[in-house]
Amino acid sequence: MKRRNISIFQFFSFLIFPVLLSGCALYGKYERPTDKLTTAGIIRDPVAANDTLQADATQPTFGQMPWRELFTDPILQGHIDKALRQNTDLLNAIDNVKQAEAYLTVARLAFVPSLAIAPSGTISRVQTSGAETNKTYQLPISASWNLDLFGNLLGAKRTAQSQLLMAKDYQVAVQTQIVCGIANSYYTLMMLDRQLEIVTGMEQLVKETWDMMALQQRLGRARSTSVQSAEANYYSVKAQAADIRRQIRETENAFCLLQGEAGHQVERSTLDRQQLPQQWVTGVGLQLLDNRADVHAAEMQLAQCFYGIKRARSRFFPSINITATGTFTNSLGGAVVNPGKFITSLVGSLTQPIFANGQLIAGLKVAKLDYDKALNTFQTTVLRAGNEVSNALVAYNTAKEKADLENRQVLVLTQNVEDTKKLYKNSGSSYLEVISAESQLLSAQLSKVADDFYTMQAIVTLYQALGGGGQ
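Rules and cut-offs
Residues numbered from 1 in each chain as written. Predicted model: local features only at pLDDT ≥ 70, side-chain atom pairs only at ≥ 80, totals over all residues. Heavy atoms only, no water. Salt bridge = Lys/Arg side-chain N within 4 Å of Asp/Glu carboxyl O. Helix = DSSP H or I, 4+ residues; strand = E, 2+ residues; numbered from the N terminus. Buried < 20%, exposed > 50% of the residue type's maximum accessible area, 1.4 Å probe, protein only. Polar contact = N/O pair within 3.5 Å; in protein donor to acceptor, adjacent residues only side chain to side chain. Contact = heavy atoms within 4.5 Å. Expected span 1.5 Å × (residues − 1). Arc of directions from axis to C-beta. Phe/Tyr/Trp six-rings, centres within 6.5 Å; stacked < 30°, edge-to-face > 60°. pLDDT = per-residue confidence, 0-100. Core = buried A, V, L, I, M, F, W, Y, C linked by side-chain atoms within 4.5 Å. Patch = residues over 30% accessible without salt bridge, like charges linked within 9 Å, V, L, I, M, F, W, Y side chains within 5 Å. Areas by Shrake-Rupley, 256 points an atom, 1.4 Å probe, with all protein chains shown as cover. 1 Å grid on protein atoms, 1.4 Å probe; cavity = no way out; pocket = protein on both sides within 12 Å on 5 of 7 lines; lining within 4 Å. Points joined across faces, edges and corners; volume = space filled by probe spheres on them. Nonpolar A, V, L, I, M, F, W, Y, C, P; charged D, E, K, R; others polar.

### Re the pattern of salt bridges
All chains considered together, the criterion is met by 15 salt bridges. Between Arg-68 and Asp-81 there is a salt bridge whose closest N-O contact spans 2.6 Å. Pair noted here: Arg-68 is in helix α3 (residues 67–70) and Asp-81 is in helix α4 (residues 74–86), with a separation of 13 residues, a long-range link. Overall, Arg-68 belongs to the partly exposed group, its relative accessible area being 40%. A residue is classified by how much of its surface remains accessible, and Asp-81, at 22% relative accessible area, is partly exposed. In this structure, Arg-194 and Glu-197 form a salt bridge, with 3.2 Å as the shortest nitrogen-oxygen distance. With a gap of three residues between them, Arg-194 and Glu-197 both fall in helix α6 (residues 152–218), about one helical turn apart. On the basis of relative accessible area, Arg-194 is assigned to the partly exposed category, the value being 35%. The network of salt bridges with common partners includes Asp-193, Glu-252 and Arg-268.

Put into structure tokens, the structure is as follows:
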């Protein structure tokens, strides 16, 4: 038996030389292909038309801020906590991570020999007088070991590691969507509350105008058409209030769905009590690669394709397997021996592909094409991330500028409504001017609240675009 063990060692020793030659090609680890990836200048400056955003790469970015530090409203924090506990999409993402961990465990255990035991026993008796009953038994234990000299199992393990990282990236991406989705819905509800408050106040104002014109008609100072226009304007404002109440109910239902609950009334604060940062560091394009979960997931898909090429190449090399068997038995050929004896064996096998109907060559070509496609997808994901950051920045600047201008407009129109009513009472203006002034004021007030909300929404969108919400 010793001579057999030595001969097997000698049989496989010739494989060392080709392993040394192919090791670099089969065992290399994935590295980011920075020479094939465009990351410079992907975040456009929100003000300058022909410039990209410059930032200090050493400073922590806005997207790295934990969500509790950004969303300081305790009511909102409670809603986000509940959503992170109950959202079914996030629960599924967590289960996906657990599945990927199980697959990685399997890939790691592939390096360990497999063991099997298959005990058996036989009772036999010849039907003649004086014949003895023969009892034989076998207790075989076998071990099989696949020698990974050419990196096939290593590639499978690294692929499983990349899949686990992708699953974790997906979990972070879902969490980011939930955190920012809850925040946006929360701010939307407060915006609608404020708009409903404005419309309700305007409803009282236009009712007073209607009553005033009705009085003027009774005094013979106004026509019936002016009263009808004022009445129609009153109903129009009430219709706006009804539409806002509908939007509130729909937003509450969507909000509750994110929390994994049936629709109900949502507790909330007011829009004017919210405080979000006005200064931040966006970082540079390269930081998006590490902070955004979807970008990192696209890179992990590229890494899987990289290891797919390694595995496709390893299939051109021999498959080597060693099987060891040890059996305790009392059946030695035709004889029955008691007590039993040990029988051991060691077998080595090598399978070298020679002709596989072109499958190995085609498999390598397909693996390389998959890598090229994954690289293109990775590049597109990076560019899309830069676009989202750029769009969020310009949306913030635009909404803030509009809100400042509309604040001035509201002040002017408020005074205009008061002056127009005074003129109407003194027959210095027509009823159309009064109604027009009230309509313009209402429109400006609603727009002002909407743009205040858009400013806050742009901050949340920028936070999400920079990969925030995962911490």
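Once the structure has been displayed, the description carries forward.
### Quick look at the side chain of Gln-195
Mapped onto the elements, Gln-195 comes out in helix α6. Of note is the side chain of Gln-195, whose polar atom sits 3.3 Å from the backbone oxygen of Leu-446. Once residues within four sequence positions are removed from consideration, Gln-195 is found in contact with Ile-244, Leu-446, Val-449 and Ala-450.

### Some remarks on α4
When the terminal C-alpha atoms of α4 are compared, their 18 Å separation across 13 residues agrees well with the 18 Å that a helix rising 1.5 Å per residue should span. Along α4, the residues classified as buried are Leu-76, Gln-77, His-79, Ile-80, Ala-83 and Leu-84. Taken around the axis of α4, the buried residues stretch over an arc of 160°, which confines them to a single face. Those residues of α4 that are exposed and angled more than 90 degrees off the buried face are Pro-74 and Arg-85.

### Side note on the packing of aromatic side chains
Here the structure, examined in full by the defined rule, presents eight aromatic pairs. Relative to Tyr-187, the ring of Phe-71 lies with its centre 6.5 Å away and its plane at 55°, an arrangement referred to as tilted. Taken as a pair, Phe-71 in the loop between α3 and α4 and Tyr-187 in helix α6 lie far apart in primary sequence, 116 residues in all. With a relative accessible area of 1%, Phe-71 lands in the buried category. On the basis of relative accessible area, Tyr-187 is assigned to the buried category, the value being 1%. Taken together, a centroid distance of 6.0 Å and an interplanar angle of 90° make the contact between Phe-71 and Tyr-463 edge-to-face. Linking Phe-71 in the loop between α3 and α4 with Tyr-463 in helix α11 (residues 431–465), this pair joins segments that are 392 residues apart in sequence. One aromatic cluster is present, formed by Phe-62, Phe-71, Tyr-186, Tyr-187 and Tyr-463 through successive ring pairs.

### Overview of the confidence of the model for the protein chain
Mean pLDDT over the protein chain stands at 82; residues scoring 70 or higher make up 86%. Per-element confidence in the protein chain is highest for α4, whose mean pLDDT is 95, and lowest for helix α1 (residues 2–13), whose mean pLDDT is 46. The low-confidence segment residues 1–12 (pLDDT under 50) makes eleven contacts with residues lying over four places distant or belonging to another chain.

### Quick notes on the environment of Thr-270
Within the secondary structure, Thr-270 sits in the loop between α7 (224–258) and α8 (285–291). In this structure the C-alpha to C-alpha distance between Thr-270 and Met-190, which are 80 residues apart in sequence, comes to 5.6 Å.

### Quick word on the nonpolar core
Core analysis: the largest hydrophobic core is formed by 91 residues, its most contacted members being Phe-71 and Tyr-187. Residue contributions to this core peak at 20 residues, all from α6. Setting aside its immediate chain neighbours within four residues, Tyr-187 contacts Phe-71, Leu-76, Leu-271, Gln-274, Leu-276, Phe-453, Met-456 and Val-460. Ala-107, Ala-160, Leu-164 and Ala-167 belong to the second-largest nonpolar core, a separate cluster that totals seven residues.

### Remarks on a nonpolar patch on the surface
A surface patch of nonpolar side chains, amounting to about 260 Å² of accessible area, comprises Leu-109, Phe-111 and Val-112. Topologically, Phe-111 is positioned in the loop between α5 (88–109) and β1 (114–117). With relative accessibility at 31%, the residue Phe-111 sits in the partly exposed group.

### Let's talk about the layout of surface pockets
Of the volumes computed, that of the largest pocket is approximately 580 Å³. If you go around the largest pocket, you meet 24 residues; those closest to its centre are Leu-271, Asp-272, Lys-448, Asp-452 and Met-456. Sorting the residues of the lining of the largest pocket by element identifies α6, α10 (359–425) and α11 as the ones contributing at least two each. The biggest single contributor to the lining of the largest pocket is α11, with seven residues. Of the residues in the lining of the largest pocket, the class split is nine nonpolar, eight polar and seven charged.

### Section: α5
Under the 1.5 Å per step criterion, the end-to-end length of α5 is 32 Å for 22 residues, consistent within 8% with the ideal 32 Å. Buried within α5 we find Leu-90, Ala-93, Val-97, Ala-100, Leu-104 and Ala-107. Down the axis of α5, the smallest arc covering the buried residues is 80°, so these residues share one side. Those residues of α5 that are exposed and angled more than 90 degrees off the buried face are Thr-88, Lys-98, Val-106 and Leu-109.

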